[in-house]
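Observations on the three-dimensional arrangement
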Amino acid sequence: MTYAITQTCCNDATCVAVCPVNCIHPTPEEPDFGTTEMLYIDPGSCIDCGACADACPVDAIFPADRLTGRLREYEAVNAEYYADRTSPPAVASPTFHSWGEPAFRRSLPSDFAPLRIAVVGTGPAGMYAAEDLLLHTNAEVTLIDRLPVAGGLVRYGVAPDHPATKGAGETFARFHAHPRVRLRLGVEIGRDVTVEELAAHHDAVVYAVGAPADRRLGIPGEDLPGSVSATSVVSWYNAHPETGPDAVDPPAGRVVVVGNGNVALDVARVLVTDPGSLAATDIADHALAALRGTRVREVVLLGRRGPEHAAYTSSELLALKHLPGVELLVDDRDPRTGETIDTAAPGDKAALLRDVPRETVDWTREPAPDRRRIVLRFHSAPVEAIGAERVRAVRVTEEGSPAGTEIGAGLLVRAIGYRGIRLTGLPFDEAGGTVPHEAGRVTGLPGGYVVGWIKRGPTGGIGANRACAEETVGTLLADAVAGALPSPTGTPQAFRKLVRSRSTGLVDARGLAAIDRTERARGRETGRPRVKLATVPELVAVARAGRWRRPV
């Protein structure tokens, strides 16, 4: 029996580090690492030890002979990766590795005084950086987030029906109570504390502020009610405290989603999934009630290019093909779509659609009330959102029709990517939506560093941030050894006093633990993993009520 990696693979390579026979690839040392959609186990060299499954932070690894339902395909997916390549030879001993000498690139001399480092942002990028610092140095880390709760995109960006992926948050959460960590949540840099003030109290500052803005379509009618960003939809169903319960009004008929990346698929899947299934997840109460009240029957995913260029990962499409009670369909009106699917080579992304039904959809008809489906429409882009008081239709391009086609819809969702925003005090590249840097070192700002999407742009999933953080932390520590870090003038006590005087909703580690306990307790009452507190006042009130009355 061998093991297989499945849909929720996060690509962070924790499994690679524990494998005794080097059967998981690509490894961080190999050129393909970071470019493949997931990692793969070689069935020819796996020794069935299970170490990878124990180490996986998102529960993506299972014995191949125990895969059932939609996961059964992943035994072949793993094997296919090795069909035309040779895996490095396995070694006889599970104790010694044959693929390189141990290296300690991220460390400080033993007599080096502890660094005080602030990490701004508690999502995956920030937490990988914090983990690296805590495990490899004696640094003291201050974790800062503008929201009064930690988690970032793991808490507010992962779809509620992907609980295994959310499990990465549990891995990060163990560092919240680390003895060398101080949590300062509910503190916004640029509003409560300036970049200069933050730097004055720390040897270095790592900014992991992500890419919170969305990209616009630039079409007439885009600002009508009923036209929203995927960012808003994802925040809405994840109970983001800055997104109100009425931010999204799902219609009873059809939704058009522009884009075909993983976020677009997430939105489509959540909107058409049986609300009874979602009731067992941590979806926001207001979103669950809305989806129960007005059932979306159809979601149309618009892709500007053909299926061979789709941005979604193969694993997310495979999941969509097995969604209970939901039909997946390809709109076959453009002849290029079917031709590409039929001629795709095995392993190509378009080949995954070969067994998906195709239909020349009649967009003049309303969605059938007794069925739920997701329609993939390629070679089609929106040109106008139509409506007087709110969106009622979307005009899209169509091959051979200069006027295009009108698709009736009560909601238009743009899912064409994220974008970083300027943080006062840091340089900013307007074209790329990132902070200019050299290997993570902020240009022109000694002691300032970036990691994650604000560093490299909005690409890569959770695991991609591990390698990104390793580079940034390596640069930071090299600067520390070289004496290139400015010396802080403020003390930790002074910084604590400063944030307490500036932030009206400050939450520390004990407050965060109280939030976690409360949400889990609310979940137990309804058979759910947790029921999130959905507003800033609620979060702050629970944190304050649950704190121990002693200073930190």
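Look above for the structure.
Residues numbered from 1 in each chain as written. Predicted model: local features only at pLDDT ≥ 70, side-chain atom pairs only at ≥ 80, totals over all residues. Heavy atoms only, no water.

With that settled, consider the overall build of the protein chain. A tally of helices and strands in the protein chain yields 19 helices and 23 strands. In summary, the protein chain has a C-alpha radius of gyration of 24 Å against a globular reference of 24 Å for 552 residues, a match within 12%. Seen through its principal axes, the protein chain has C-alpha atoms that stretch 70 × 60 × 50 Å. With 552 residues in all, the protein chain has 55% of them scored as buried. Sequence separation of at least 24 residues holds for 75% of the intrachain contacts in the protein chain that already meet a minimum separation of 6. As presented, the protein chain carries roughly 23700 Å² of accessible surface, and 52% of it is formed by carbon and sulfur atoms. (Helix = DSSP H or I, 4+ residues; strand = E, 2+ residues; numbered from the N terminus. Rg over C-alpha atoms; globule rule 2.2 N^0.38 Å. Buried < 20%, exposed > 50% of the residue type's maximum accessible area, 1.4 Å probe, protein only. Contact = heavy atoms within 4.5 Å. Areas by Shrake-Rupley, 256 points an atom, 1.4 Å probe, with all protein chains shown as cover.)

With that out of the way, let us pick up the pattern of salt bridges. Across all of its chains, the model carries 43 salt bridges by this definition. A salt bridge links R373 to E298; the shortest N-O distance between them is 2.5 Å. Residue R373 is located in strand β15 (residues 373–377), and its partner E298 is located in strand β12 (residues 298–302); the two are separated by 75 residues in the primary sequence. Here E298 falls in the buried class, since its relative accessible area comes to 1%. Where R333 meets E398, a salt bridge forms, and the shortest distance between an N and an O atom there is 3.8 Å. With R333 in the loop between β13 (327–331) and α14 (335–343) and E398 in strand β17 (residues 393–398), this residue pair connects regions lying 65 residues apart in the sequence. A residue is classified by how much of its surface remains accessible, and R333, at 35% relative accessible area, is partly exposed. (Salt bridge = Lys/Arg side-chain N within 4 Å of Asp/Glu carboxyl O.)

Moving on, we get to the packing of helix α9 (residues 230–237) against helix α10 (residues 262–272). The N-to-C vectors of α9 and α10 enclose an angle of 50°; their axes lie 10 Å apart at closest approach. In this view, α9 runs oblique relative to α10, as classed from their interaxial angle. In terms of crossing hand, the pair formed by α9 and α10 is left-handed. Mapping the contact onto sequence places A230, V233, V234 and Y237 in α9 and V263, D266, V267 and V270 in α10. Among the residues making up the contact of α9 with α10, the classes are represented as seven nonpolar, no polar and one charged. (Axes fitted to C-alpha atoms, helices over the stretch in contact; angles between N-to-C directions. Parallel < 35°, antiparallel > 145°, perpendicular 65-115°, else oblique. Left-handed = near helix turned anticlockwise from the far one by under 90°. Nonpolar A, V, L, I, M, F, W, Y, C, P; charged D, E, K, R; others polar.)

Next up on the list: the packing of aromatic side chains. On inspection of all chains with the given rule, the structure shows four aromatic pairs. With 5.0 Å between their ring centres and 85° between their planes, Y81 and Y82 make a pair best called edge-to-face. Like Y82, Y81 is buried. Consider the rings of Y128 and F172, whose centres lie 5.0 Å apart with planes at 85°: the pair is edge-to-face. Of this pair, Y128 sits in helix α4 (residues 124–136) while F172 is found in helix α7 (residues 168–173), placing the two residues 44 residues apart along the sequence. Looking at Y128, the relative accessible area reads 4%, which means it is buried. Linked through ring pairs, Y40, Y81 and Y82 together constitute an aromatic cluster. (Phe/Tyr/Trp six-rings, centres within 6.5 Å; stacked < 30°, edge-to-face > 60°.)

Looking now at the nonpolar core. Counting residues in each nonpolar core, the largest one holds 75 residues, and the members touching the most others are I24, L39, I41 and L115. It is α4 that contributes the most residues to this core, seven residues altogether. Not counting chain neighbours up to four residues away, the residues in contact with L39 comprise I5, C9, N11, A13, C15, V16, I24, H25, P26, F33 and N78. (Core = buried A, V, L, I, M, F, W, Y, C linked by side-chain atoms within 4.5 Å.)

On to the environment of A211. Tracing the chain through its elements places A211 in the loop between β8 (204–207) and β9 (213–214). For A211 and G420, which are 209 residues apart along the polypeptide, the C-alpha to C-alpha distance reads 3.7 Å. Residue contacts for A211: discarding those within four places in its chain leaves Y418, R419, G420, W453 and P458.

The next subject is the sheet that holds β15. Strand order in the open sheet formed by seven strands is β10-β19-β11-β12-β15-β13-β14, with parallel pairing between adjacent strands. Two strands close off the open sheet at either side, each with one partner strand: β10 (227–229) and β14 (358–359). For β13 and β14, the ladder comprises two bridges, and the chain directions are parallel. Bridge assignment links D331 to a residue of β14, and that residue is E359. Its contacts with the sheet put α9 on β10 and β19 (411–414), and the angle it makes with β10 is roughly 75°. (Pairing = 2+ DSSP bridges.)

Look at α4 against helix α16 (residues 464–481): their axes get within 8 Å of each other, and the N-to-C directions meet at 50°. By the angle between their axes, α4 is oblique relative to α16. Crossing angle aside, the handedness with which α4 passes α16 is right-handed. Each of P124, A125, Y128, A129, E131, D132 and L133 in α4 lies in contact with α16, whose residues at this interface are N465, R466, A469, E470, V473 and L477. Across the contact of α4 with α16, the residue classes tally to eight nonpolar, one polar and four charged.

Turning our attention to the pairing of strand β11 (residues 254–258). Along any regular strand, the residues point their side chains to alternate faces of the sheet. In terms of burial, β11 is a largely internal element, five of the five residues being buried. Side-chain alternation along β11 places R254, V256 and V258 on one buried face and V255 and V257 on a second face that is also buried. In the sheet, β11 pairs with β12 via five bridges, with the strands oriented parallel. Within the sheet, the bridge partner assigned to V258 lies in β12 and is L302.

Across four bridges, strand β16 (residues 382–386) lies against β17 in antiparallel orientation. Directly across from P382, in β17, lies its bridge partner V396. Hairpin connection of β16 to β17: six residues between the antiparallel strands. Summarising the sheet, β17 and strand β18 (residues 401–408) pair through five bridges and their orientation is antiparallel. Bridging from a neighbouring strand, A393 pairs with G408 of β18.

The next thing to look at is the sheet that holds β18. Strand order across the open sheet formed by three strands is β16-β17-β18, with antiparallel pairing between neighbours. Each of the sheet's edge strands pairs with one partner strand only, and the pair in question is β16 and β18. Between one strand axis and the next, the sheet turns by 25° as a mean value, whatever way the strands run.

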